[in-house]
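# Structural description and commentary
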Amino acid sequence: MTDIARFIDEMPKAELHLHIEGTLEPEMMMALAKRNGVELAYGSVEEIRAAYEFSNLQDFLDLYYQGMSVLITEQDFYDLTAAYLAKCAEQNVTHVEIFFDPQGHTERGVAFETALDGITRALDAGEAEHGISHKLIMCFLRHLSEEKAFETLAQAMAYRNRIYGVGLDSSEVGHPPEKFERVFKAAAEAGFVLVAHAGEEGPADYVHGALDALSVVRIDHGNRALDDPGLVKRLADEQIALTMCPLSNLRLCVIDRISDHPALTLLDAGVRVTINSDDPSYFGGYVNENYHAVQQGLELGLDHIKTLARNSYLGSFMSEGEREAALAKFDAFAASAS
Ligand code: ADE
Ligand code: ZN
């Protein structure tokens, strides 16, 4: 292993773009299907993995929603989240901000509380066991209606102490941010922090829309911002963090090869780029594998890697005190490693 690869694996880091349902490994999918008596379209772990060939976001989403059908009980959500946090501990992730998709569960008859209770119980256990701090962000599915998003927000109101923010995910093109302007305004009034997926497959205009119509403070993906120099300057000037996901972009054909990934150009333009895994079970790598991919594909040096890792804390929703402590630990690690 090269020195820089070891540095990546060992450095402390935060993960800011992670769909907990996208951590469902085929082995767990099979085991939960058996435990819950759910019929799967696949007979083996190998068959599941072989199906993970995507030509775009929708191809993936079709399998992602199908995969979640095995998540039924509170214990299932606990097991899913606990497995992800064990992986984080292995990869030296010290802070996570994870998404969940309540409508992916309520739409098939699983209660909002079942998902929330299992996830938060595991997050609390993960903090006690591994020292990993966390924030939970609830996403609205943008292919569903504004009315359904309002229903979901109403369900979340009782849990503002456990749900830190709201986000927007699922099929992007044809579902611009403006569709959810009113629901995001209501969420802001209720005290939720706001983020949204934008510019993954959708145009740079959707990034503007997320910032202007939804008033988000962080953009998930944001690849297409590169098409609009004025937008890149705005992201840099306002230090809006982008939670980028290189292996996801490769597997969903947002880019043809990692050497085409916009992370380096944006970083060099002064944008607060971060590296994350999105749906690691489906895209072939957790956060460290994503760092390795961009380090190799974009030929990043140690200074870029350090900036990306520091950005993961700077772009997080940690308190100022937690952030300063995390950055000091990172800097001490970097000093001792060089
Ligand atoms: N849901 C899970 N992963 C997603 C992604 N990369 N884009 C949009 N919605 C998602
Ligand atoms: Zn995502």
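Residues numbered from 1 in each chain as written. Chains lettered and ligands numbered in written order. Predicted model: local features only at pLDDT ≥ 70, side-chain atom pairs only at ≥ 80, totals over all residues. Heavy atoms only, no water.

Moving on, we come to the layout of surface pockets. Unoccupied space between atoms shows up once a probe the size of one water molecule is rolled over them. Reported here for the largest pocket is a volume of approximately 220 Å³. Around the largest pocket, the lining residues are Pro12, Thr94, Gly131, Ser133, Tyr313, Met318, Glu322, Ala325, Ala326, Lys329 and Phe330. At five residues, helix H17 (residues 320–337) tops the list of elements feeding residues into the lining of the largest pocket. For the lining of the largest pocket, the class distribution of residues is six nonpolar, three polar and two charged. (1 Å grid on protein atoms, 1.4 Å probe; cavity = no way out; pocket = protein on both sides within 12 Å on 5 of 7 lines; lining within 4 Å. Points joined across faces, edges and corners; volume = space filled by probe spheres on them. Helix = DSSP H or I, 4+ residues; strand = E, 2+ residues; numbered from the N terminus. Nonpolar A, V, L, I, M, F, W, Y, C, P; charged D, E, K, R; others polar.)

All chains considered together, the criterion is met by one cavity of 30 Å³ or more. In this model, the largest cavity occupies a volume close to 110 Å³. Surrounding the largest cavity, 15 residues form its lining, His19, Leu57, Leu61, Ser170 and His197 being those nearest its centre. Residue contributions to the lining of the largest cavity peak at five residues, all from helix H4 (residues 57–67). Residues that form the lining of the largest cavity fall into these classes: six nonpolar, four polar and five charged.

Turning next to the pattern of salt bridges. Per the counting criterion, the structure on display carries 19 salt bridges. Two residues, aspartate 227 and arginine 224, come together in a salt bridge whose shortest N-O distance is 2.7 Å. Across the salt bridge formed by arginine 310 and aspartate 331, the nearest N and O atoms sit 3.0 Å from each other. Highlighted residues: arginine 310 in helix H16 (residues 302–314) and aspartate 331 in helix H17, separated in sequence by 21 residues. Classification of arginine 310 as partly exposed rests on a relative accessible area of 27%. Taking the relative accessible area as the measure of exposure, aspartate 331 reaches 33% and is therefore partly exposed. (Salt bridge = Lys/Arg side-chain N within 4 Å of Asp/Glu carboxyl O. Buried < 20%, exposed > 50% of the residue type's maximum accessible area, 1.4 Å probe, protein only.)

Bringing the coordination of the zinc ion (ligand 2) into the picture now. When a metal carries six donors in an octahedron, the ideal angles between them are 90 or 180 degrees, while four donors in a tetrahedron ideally lie at 109.5 degrees. Coordination of the zinc ion (ligand 2) by the protein is provided by His17 (NE2), His19 (NE2), His197 (NE2) and Asp278 (OD), with metal-donor distances spanning 2.0 to 2.2 Å. Around the zinc ion (ligand 2), the four donor atoms sit at angles spanning 81 to 172 degrees, and that spread fits a shape best called irregular. In terms of primary sequence, the donors binding the zinc ion (ligand 2) are separated according to H-x1-H-x177-H-x80-D. Here histidine 197, found in strand E5 (residues 193–198), pairs with aspartate 278, found in the loop between strand E8 (272–275) and helix H14 (280–283); they are 81 residues apart in sequence, far enough to count as distant. When sorted by exposure, histidine 197 lands in the same class as aspartate 278, which is buried. (Donors = N, O, S within 2.8 Å, 3.2 Å for Na, K, Ca; no water. Tetrahedral: all angles 85-135°; square planar, octahedral: opposite > 155°, others 65-115°.)

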